Amino acid sequence: MKERWKRVLSVGVLMIVGITIGLFLRDDNKSVTKNLFAMDTYMELTAYGRNSEEAVEAAVQEIQRLDALLSTGSEMSEVTIVNREKKGSLSEDYAYLLKRSMELWKLTDGAFDITVYPLMQAWGFADKKYRVPSVTEIESLLTYVDTSKISYDETTNEVVIPEQAQIDFGGIAKGYTSSMVAQIMKKYHIQSAMFNLGGNVQTVGTKADGSLWRIAIKSPYDNVPYLGVISIAEKAVITSGGYERYFEEDGIRYHHIINPKTGMPVQNGLVSVTIICEDGTMADGLSTSLFVMGKETAISFWKAHSEMFDMILCDEECKLYVTEGIKECFSTELEYEIISKY
Amino acid sequence: MFKKKDVTLIIAVLILAGLIAAFLRIYSGETGETVRIMIDGNEYGSYPLGEDSVIEIGNAFGYNRIVIENGEVFMQEADCPDQYCVEHKAISKTNETIVCLPHKLVVELHVQNREDDFDSIAQ
């Protein structure tokens, strides 16, 4: 009888030890996913590991903070206040975005321009009341589009913009947000995380099992499921294309990427541009500007700055142009050409 | 020291623990082919991808009709202004989503791991 009790006891102990180990391991690879609507888009955040709950919660708060600061739709946002007052003493985030935007404007020879906002409004992309503006209206609004007319004093952090100018960080804000969220993950010692902010993907580390993240690139074509899949770690993958936001009038489709030089939706034979690099802010800004540039200019731009990023271009014939830095980690069933530096 | 019976018992206990763990994993919804509908960040419901069905949702945001058919999901109808969700092609792979932004509605797919899976979609 005594023997029997001993046995029962040892089975009990074994079970408790097993369950404890199990729960411990579970906590280590636990993952937390949060979804939210912010910045006029849908976002998904996933983090793995011990502090994932706290990290994702902090990330959501950061996104909401930046949304409140940068939204053109809110009367109270810093962006709206500067656009209304035409001057202001800038917050750290606004000042950083302004500096990066001015750099990108220079770097891309004006293809990236945060002052294109009056045209976004005229086309109805700001308030979703879509319309085709007249040629004279576009021409007159184009005179307000010029980043060089923004005067920003780095020592006092003061900005002054021309009377008719409007600034919108829409082409860079989500990328900046994903960079900031990645920093929060680092602060919480998260080794593995991924966020998708309305199609802008940013990864932190590798997947929890140590393998690379596999990111599919959306195809604008109904008969092609995906342009391909790229395997990455610690990088942002950001795609710009005319299929994201658009409207149709008299059988013509008008999309939301406006060329700051013509005031018209970009129409140059490219259907999407994907940028792959560590810095989400730059990836976001470049995806828009290279889409504006068109294939030939985008390729020469990459050749001049190949250390900064890699890219995948897709043209109207559904042919891909892939830069050599990612040729090993990109797989596709479509026709493609590798772009080499030399 | 250990008798044969003890060893048998230990193995039996471990197998039992393994089965319980496996059950918990399945129960936690990590595997299996499910269509999950989220509204404003909260789960509205989960539906098996293998069973054809029509899900109609009408709430303060608006009306959406989601159809599950032959292992695919698509938005058949919605009264949102932009209609991007209705124009979205049918989804059938894990981590694919259809988003109806004006109605804060998301249809997500969670399918068991396959060769051609991916973790997210850049768009």
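### Digging into the overall build of chain A
Working step 1: The helix and strand tally for chain A stands at nine helices and 17 strands.
Working step 2: The principal-axis extents of the C-alpha atoms in chain A amount to approximately 100 × 50 × 40 Å.
Working step 3: Taken across its 342 residues, chain A has 53% of its residues classed as buried.
Working step 4: In chain A, 58% of the contacts between residues at least 6 apart in sequence involve partners at least 24 apart.
Working step 5: Summing over all exposed atoms, chain A offers an accessible surface of approximately 16200 Å²; the carbon and sulfur share of this is 53%.
Working step 6: The averaged location of the 48 negative side-chain charges in chain A is 9 Å from the averaged location of its 34 positive side-chain charges.

### A short note on the environment of A:Arg65
Residues and elements named next belong to chain A.
Working step 1: With respect to the helices and strands, arginine 65 occurs in helix H2 (residues 52-70).
Working step 2: Ignoring any residue separated from it by four or fewer positions in sequence, one finds arginine 65 in contact with Asp93 and Met180.
Working step 3: Side-chain polar atoms of arginine 65 contact the side chain of glutamate 62, separated by 3.0 Å.

### A few points about the pattern of salt bridges
All names here are of chain A.
Working step 1: Considering all chains together, one arrives at 23 salt bridges over all chains under this definition.
Working step 2: A salt bridge links arginine 245 to aspartate 40, with the nearest nitrogen and oxygen atoms 3.6 Å apart. One end of the pair, arginine 245, is in the loop between strand E10 (236-241) and strand E11 (246-249); the other, aspartate 40, is in the loop between strand E1 (31-38) and strand E2 (41-48), with 205 residues separating them in the sequence.
Working step 3: Here arginine 245 falls in the partly exposed class, since its relative accessible area comes to 27%.
Working step 4: Aspartate 40 sits in the partly exposed class, given a relative accessible area of 40%.

### Topic: the sheet that holds strand E6 (residues 97-100) of chain B
Residue and element names in this part refer to chain B.
Working step 1: Taken in spatial order, the four strands line up as E2-E1-E7-E6 in an open sheet, and their pairing is antiparallel. Each edge of the open sheet carries a strand with a single partner, namely strand E2 (42-48) and E6. Averaged over all neighbouring strand pairs, the angle between strand axes comes to 15 degrees, with direction disregarded.
Working step 2: Bridge count between E6 and strand E7 (residues 105-110): four bridges; the pairing is antiparallel. For isoleucine 98, the partnering residue across the bridge sits in E7 and is valine 107.

### A few points about unusual backbone geometry
Working step 1: For A:Asn157, which is not a glycine, the phi torsion comes out positive at approximately 65 degrees.
Working step 2: Note that A:Asn157 resides in the loop between strand E4 (151-153) and strand E5 (158-160).
Working step 3: Residue A:Asn157 is classed as partly exposed on the basis of its relative accessible area of 23%.
Working step 4: Not every positive phi belongs to a glycine, and B:Gln83 is a case in point at roughly 60 degrees.

Conventions we followed
Residues numbered from 1 in each chain as written. Chains lettered and ligands numbered in written order. Predicted model: local features only at pLDDT ≥ 70, side-chain atom pairs only at ≥ 80, totals over all residues. Heavy atoms only, no water. Helix = DSSP H or I, 4+ residues; strand = E, 2+ residues; numbered from the N terminus. Buried < 20%, exposed > 50% of the residue type's maximum accessible area, 1.4 Å probe, protein only. Contact = heavy atoms within 4.5 Å. Areas by Shrake-Rupley, 256 points an atom, 1.4 Å probe, with all protein chains shown as cover. Lys, Arg positive; Asp, Glu negative; His and termini not counted. Charge placed at Lys NZ, Arg CZ, Asp CG, Glu CD. Polar contact = N/O pair within 3.5 Å; in protein donor to acceptor, adjacent residues only side chain to side chain. Salt bridge = Lys/Arg side-chain N within 4 Å of Asp/Glu carboxyl O. Pairing = 2+ DSSP bridges. Axes fitted to C-alpha atoms, helices over the stretch in contact; angles between N-to-C directions.

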